[in-house]
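Topology and contacts: notes
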Amino acid sequence: MLKKKSGSTLRHDLRDLLIEILEACVHHILASRSIYPQSIFTQRLFGPVQGGVPIMASEHPDINSFIVEGLIGFKEAIINPSLSNTIDQFDLVIIQNADNGQEPVVETYAFQFAFYPVQSDTDGDVYLKEKDRIAAEQNIRALMLSLTSRMAELGPLKPKIEETNEPDYSFNFRIHTSEHTAQRISEDLRWCKVPAIPRNFGGTIQSLSLIHISEPTRRYAISYAVF
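Basis of the calculations
- Residues numbered from 1 in each chain as written.
- Predicted model: local features only at pLDDT ≥ 70, side-chain atom pairs only at ≥ 80, totals over all residues.
- Heavy atoms only, no water.
- Phe/Tyr/Trp six-rings, centres within 6.5 Å; stacked < 30°, edge-to-face > 60°.
- Helix = DSSP H or I, 4+ residues; strand = E, 2+ residues; numbered from the N terminus.
- Buried < 20%, exposed > 50% of the residue type's maximum accessible area, 1.4 Å probe, protein only.
- Expected span 1.5 Å × (residues − 1).
- Polar contact = N/O pair within 3.5 Å; in protein donor to acceptor, adjacent residues only side chain to side chain.
- Core = buried A, V, L, I, M, F, W, Y, C linked by side-chain atoms within 4.5 Å.
- Axes fitted to C-alpha atoms, helices over the stretch in contact; angles between N-to-C directions.
- Left-handed = near helix turned anticlockwise from the far one by under 90°.
- Contact = heavy atoms within 4.5 Å.
- Nonpolar A, V, L, I, M, F, W, Y, C, P; charged D, E, K, R; others polar.
- Salt bridge = Lys/Arg side-chain N within 4 Å of Asp/Glu carboxyl O.

1. Notes on the packing of aromatic side chains
- Per the stated rule, a full pass over the model turns up 6 aromatic pairs.
- Each ring, one from F74 and one from F90, has its centre 4.9 Å from the other, and the planes form 50°; the classification is tilted. Taken together, the residues span a long stretch of sequence, with F74 in helix α2 (residues 61-78) and F90 in strand β3 (residues 89-96) at a distance of 16 residues. A single burial state applies to F74 and to F90, both of which are buried.
- Note on F74 and F113: the rings are 5.8 Å apart at their centroids and 70° apart in plane angle, and the pair reads as edge-to-face. In this pair, F74 sits in helix α2 while F113 sits in the loop between β4 (105-112) and α4 (133-153), placing the two residues 39 residues apart along the sequence. Grouping residues by exposure puts F74 and F113 together as buried.
- Ring-pair connections join several aromatic residues into one group, and the members of that group are F66, F74, F90, F113, F171 and F173.

2. Things to note about helix α1 (residues 14-32)
- Under the 1.5 Å per step criterion, the end-to-end length of α1 is 27 Å for 19 residues, consistent within 8% with the ideal 27 Å.
- Among the 19 residues of α1, 16 are classified as buried, and the element is accordingly described as predominantly covered.
- Where α1 begins, one side-chain oxygen reaches toward the backbone nitrogen of R15, 2.8 Å away; that side chain belongs to D13.
- Following α1 by one or two positions, S34 adopts a phi angle in the positive range, close to 55°.

3. Structural notes on the nonpolar core
- If you look at the biggest cluster of nonpolar residues, it comprises 44 residues, and the most contacted ones within it are L30, F74, M144 and F171.
- Counting only elements with at least two residues in this core, the list comes to α1, β1 (41-46), β2 (53-58), α2, β3, β4, α4 and β5 (169-177).
- For this core, the leading source of residues is α1, giving 11 residues.

4. Focus: the packing of α1 against α2
- With their axes 10 Å apart at the nearest point, α1 and α2 run at an angle of 145° to one another. At the point where α1 passes α2, the crossing takes the right-handed sense. Contacts from R15, D16, L18, I19, L22, E23, V26, H27 and L30 in α1 reach N64, I67, V68, L71, F74, K75 and I78 in α2.
- Looking at the contact of α1 with α2 residue by residue, the class counts come to 10 nonpolar, 2 polar and 4 charged.

5. Some thoughts on the pattern of salt bridges
- Enumeration over the complete set of coordinates arrives at 6 salt bridges.
- Among the salt bridges present, the one from D132 reaches K131, with a minimum N-O distance of 3.4 Å.
- You can call K131 exposed: its relative accessible area is 67%.
- The salt bridge partner of E153 is R150, with a shortest N-O separation of 3.6 Å. One end of the pair is E153 and the other is R150, both in helix α4 and 3 residues apart, which spans about a single turn.

So, in structure tokens, the structure goes:
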């Protein structure tokens, strides 16, 4: 779960660190793109105490719980040594909830990464070495500053389908992986129940699980959580 205050040290396990970075990015993007009312977001510092970067973070418990649950599902995949080396991208996808039932993709934020084959006796743990800590802190700070700067430059969301009412947007997560891993994850991943929270914070509970095949690379993008 996203820390309310910046920490003095980075996560020791690189996979935990990746999850924390993604969580911060998801919160800030949702706030920057006005997917939910600005009143539910507050400014926090992300990163080490001496170099934290201001980001916007949701304070709504249902939204926060959903983000955490979605990232737990992603973490369950990347901590499995037989799966992690085939997963190389995590997407935050902004979709439009149209009156005709369509859900066209409006924007996609892609986070690419790579885990090198583990060569240790630590049960597959991938640790941040102390000698690399300062460089990691600097890189994370640069990444977050770049994100916040880029988000500030973007114009308003442009709906894919014109409607008489104000466009309604939501989001989902996607994992890019191989066909074999996609099949395993689709069977093992804990699918998230999704609180549908329109701007008045009413609504019902929904769920969705889809596997998309991307040509011509035959990489599989698994959408496993969607508002």
